[in-house]
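A look at the structure
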Amino acid sequence: AYSIPFIETFDKSMCTLGWTWYGTSGRLTNYTFKLANFNSDPNDDYTISKSINLVAGTTYYVSFKAKKVVNNQIGSLITRIYSTNNNFNLGTYSTNSDSYSNVNYTITPSVSGQFRLRFQVSAGISDGFYIDDLSISTSLNIEEVSDENNFNVYPNPTDNILNIDLINKKIQKI
């Protein structure tokens, strides 16, 4: 089973990575994973990872980049983490854009064990999603933020307290 942090950039073959796909022609394309629907049922195509060790009561941050295969057609990517007796829906990401977006979820399992990550595509025939830069960790894995709007976010990475400072302004609401 994989340990945390789990990072997958899809730079190796699917067999080497240990992913399995069902009802789809899932494959690696230009160092990204392509999960596509190639049959008449728009909801039966999915891929699952090898087992990943998770500990009860620990908060995990799941992040990845996703974009549609076909632009201007709506599609959804349903993400779950599950084990033999537990199933946690992380969320559904829907878009019609072929530009990458960052997708982020948080999970705190109530039991320890070996879990699998599952991506399920819901899209028209020959459509689907590209997935890249997958990460599961106990810290937020974000780049430090600072720009001309004069605000700072720190420390980076963090796993407990996140500080946000505005220069010459008062924070109204978080």
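Below: a short report on this structure.

Calculation rules
- Residues numbered from 1 in each chain as written.
- Predicted model: local features only at pLDDT ≥ 70, side-chain atom pairs only at ≥ 80, totals over all residues.
- Heavy atoms only, no water.
- Helix = DSSP H or I, 4+ residues; strand = E, 2+ residues; numbered from the N terminus.
- Buried < 20%, exposed > 50% of the residue type's maximum accessible area, 1.4 Å probe, protein only.
- Areas by Shrake-Rupley, 256 points an atom, 1.4 Å probe, with all protein chains shown as cover.
- Patch = residues over 30% accessible without salt bridge, like charges linked within 9 Å, V, L, I, M, F, W, Y side chains within 5 Å.
- Salt bridge = Lys/Arg side-chain N within 4 Å of Asp/Glu carboxyl O.
- Contact = heavy atoms within 4.5 Å.
- Phe/Tyr/Trp six-rings, centres within 6.5 Å; stacked < 30°, edge-to-face > 60°.
- Lys NZ or Arg CZ within 6 Å of the ring centre and 35° of its normal.

Helix and strand content of the chain: 1 helix and 14 strands. The buried share of the chain, reckoned over its 174 residues, is 38%. Accessible surface, the chain as shown: approximately 9700 Å² in total, 46% of it carbon and sulfur.

In this section: a nonpolar patch on the surface. Taken together, the side chains of Leu162, Ile164 and Leu166 present a nonpolar region at the surface, about 200 Å² in accessible area. Mapped onto the secondary structure, Leu162 falls in the loop between strand 13 (151-154) and strand 14 (163-166). Residue Leu162 is classed as partly exposed on the basis of its relative accessible area of 37%.

Here Phe6 shows up in strand 1 (residues 6-8). Since its relative accessible area comes to 3%, Phe6 is described here as buried. Once residues within four sequence positions are removed from consideration, Phe6 is found in contact with Trp19, Ile52, Leu134, Ser135 and Ile136.

The omega angle of the peptide bond from Ile4 to Pro5 is 5°, so this bond is cis rather than trans. Although it is not a glycine, Phe10 adopts a positive phi angle of roughly 60°. With respect to the helices and strands, Phe10 occurs in the loop between strand 1 and helix 1 (14-17). A positive phi is found at Asn72, a non-glycine position, where the angle reads about 70°.

Our next topic: the packing of aromatic side chains. Taken as a whole, this structure holds 6 aromatic pairs when the rule is applied. Taken together, the ring pairs in this structure connect Phe64, Tyr105 and Phe119 into an aromatic cluster. It is Arg118 that lies over the ring of Tyr46; its NZ or CZ is 3.7 Å from the centre.

Summarising the element assignment, Tyr22 is placed in strand 2 (residues 20-22). Accessibility expressed as a relative area gives 34% for Tyr22, which makes it partly exposed. Along the primary structure Tyr22 and Ile48 are separated by 26 residues, whereas in three dimensions their C-alpha atoms are 8.6 Å apart. Excluding residues within four positions of it along the chain, Tyr22 makes contact with Asp44, Asp45, Tyr46 and Ile48.

So yeah, pure geometry; function would need other evidence.
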